[in-house]
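Results of the structural survey
Residues per chain are reported as follows:
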Amino acid sequence: MNKTHLVNGFLLGSMAMAVAGAAVAQDPAAKAGAQPRAAQARPGGAAAEDKFDGQVFHAQVLLDRAGFSPGVIDGMAGTSLQYALKGFQEARGLQVNGQLDGPTRAALLQDRAPSSLTLRIAESDAQGPFTPIPKEPEQQAKMERLAYRNLLEKLSEKFHTTPATIIALNRPDMILRAGTVLRLPNVLPASRSYSNVKPDVAQLLSDLNVNGTQPKADRVVVDKSDKVVRVLGEDGRLLAQFPATLGSDKDPLPLGNWKVNALSYNPPFKYQPKLFWDVDDKEKEQMLPPGPNGPVGLVWIDLSKEHIGIHGTNSPETIKRAESHGCVRLTNWDAARLTQMIGNGTPVVFQA
């Protein structure tokens, strides 16, 4: 019989990973909009069950735990996984080939954690608030918060995955509400002790399952050639790596040497049409409220280059697959993790 432990509002146990399909059912007793089906959770989410690879899934979980983020954990191979493997291999002194070969598997499996855990949804997660997000900035500006649309979207972000992957790991008739037991990627942190942050920031970091114990950066290198952010130690050793969206042809990444000016959590966003080539300059400026579905997500790392920062996103599945307006975009959980490795004055190099 499995033992269970109460951790941060969840009952934890261990069960083997399994793949199921279709959709998570809506709780008839839930408030309208609070528990929609997966296809409605975040636009652009594709069904994962026909491509889900358990071996890839396990590698993604272990890479995430080691600090070499594959982006969203979805059980699918791709360039984000390849570069995460390359970073891990470099850091561990292995042959750098981006392949899940024998030595790389052995190194990853030194972390003996299972790839998934069964977790009971806490009341604090299930209560929201959840809300539809209007498309137009003018309407968004009237909102108190650009919150998660529903519980499935919130859980996906919390466990560094996608709605389709949660569906693939659970029964198709699963109802999402407080007390529901789900199988989820095992990204639970070893520590939730966050030093030198306010209680609300500590809660944000905990909600994103960021480990409280992180290596300290000597510098950060943003590499345009392979679209990754590398965290380097004093000796130049690679400590962590995150996939990123970096600029565009219209707004190229501003190459050069910068530094961190400030770290902001839950930032509002000043929408300035004149700074965006793809927006009509006649549109009015708007101050958009904070929240995970805001343009810069839950984190803004302000840099010494005006108007440029490293920040989160409202679409984690698009990282490394989209364009930005010159900034460096990470998933919210990777951006939050990065804040625990850096501080004001940390050098940041943008290179080609």
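Residues numbered from 1 in each chain as written. Predicted model: local features only at pLDDT ≥ 70, side-chain atom pairs only at ≥ 80, totals over all residues. Heavy atoms only, no water.

**Overview of the overall build of the protein chain**
In terms of regular secondary structure, the protein chain is built from nine helices and 15 strands. With 352 residues in all, the protein chain has 53% of them scored as buried. (Helix = DSSP H or I, 4+ residues; strand = E, 2+ residues; numbered from the N terminus. Buried < 20%, exposed > 50% of the residue type's maximum accessible area, 1.4 Å probe, protein only.)

**With respect to the pattern of salt bridges**
A full pass over the atoms with the stated rule returns ten salt bridges. The residue arginine 219 makes a salt bridge to aspartate 218 at a minimum N-O spacing of 3.7 Å. The partner of aspartate 223 in a salt bridge is arginine 230, with the nearest N and O atoms 3.2 Å apart. Through salt bridges with shared partners, one network takes in Asp125, Lys154, Lys158 and Asp207. (Salt bridge = Lys/Arg side-chain N within 4 Å of Asp/Glu carboxyl O.)

**A few points about the side chain of arginine 183**
Within the secondary structure layout, arginine 183 lies in strand β4 (residues 181–185). Among buried Asp, Glu, Lys and Arg side chains, arginine 183 stands out as unpaired, with aspartate 173 the closest opposite charge at 12 Å. Only 3.4 Å separates the side chain of arginine 183 from the backbone oxygen of leucine 169, close enough to count as a polar contact. (Lys, Arg positive; Asp, Glu negative; His and termini not counted. Polar contact = N/O pair within 3.5 Å; in protein donor to acceptor, adjacent residues only side chain to side chain.)

**Quick look at the packing of helix α1 (residues 54–66) against helix α2 (residues 79–91)**
Interhelical geometry of α1 versus α2 gives an angle of 50 degrees and a closest axis separation of 11 Å. It follows that α1 is oblique to α2 by the angle criterion. Considering the relative orientation of α1 and α2, their crossing is left-handed. Residues Val56, Gln60, Leu63 and Ala66 of α1 form the contact with α2, whose participating residues are Leu81, Ala84, Leu85 and Phe88. Across the contact of α1 with α2, the residue classes tally to seven nonpolar, one polar and no charged. (Axes fitted to C-alpha atoms, helices over the stretch in contact; angles between N-to-C directions. Parallel < 35°, antiparallel > 145°, perpendicular 65-115°, else oblique. Left-handed = near helix turned anticlockwise from the far one by under 90°. Contact = heavy atoms within 4.5 Å. Nonpolar A, V, L, I, M, F, W, Y, C, P; charged D, E, K, R; others polar.)

**So, the pairing of strand β3 (residues 116–120)**
A large share of β3 lies buried, amounting to four of its five residues. Across five bridges, the pairing between β3 and β4 is antiparallel. If you follow arginine 120 over to β4, its bridge partner there is valine 181. (Pairing = 2+ DSSP bridges.)

Fair warning: the whole summary comes from geometry, so function is off the table for now.
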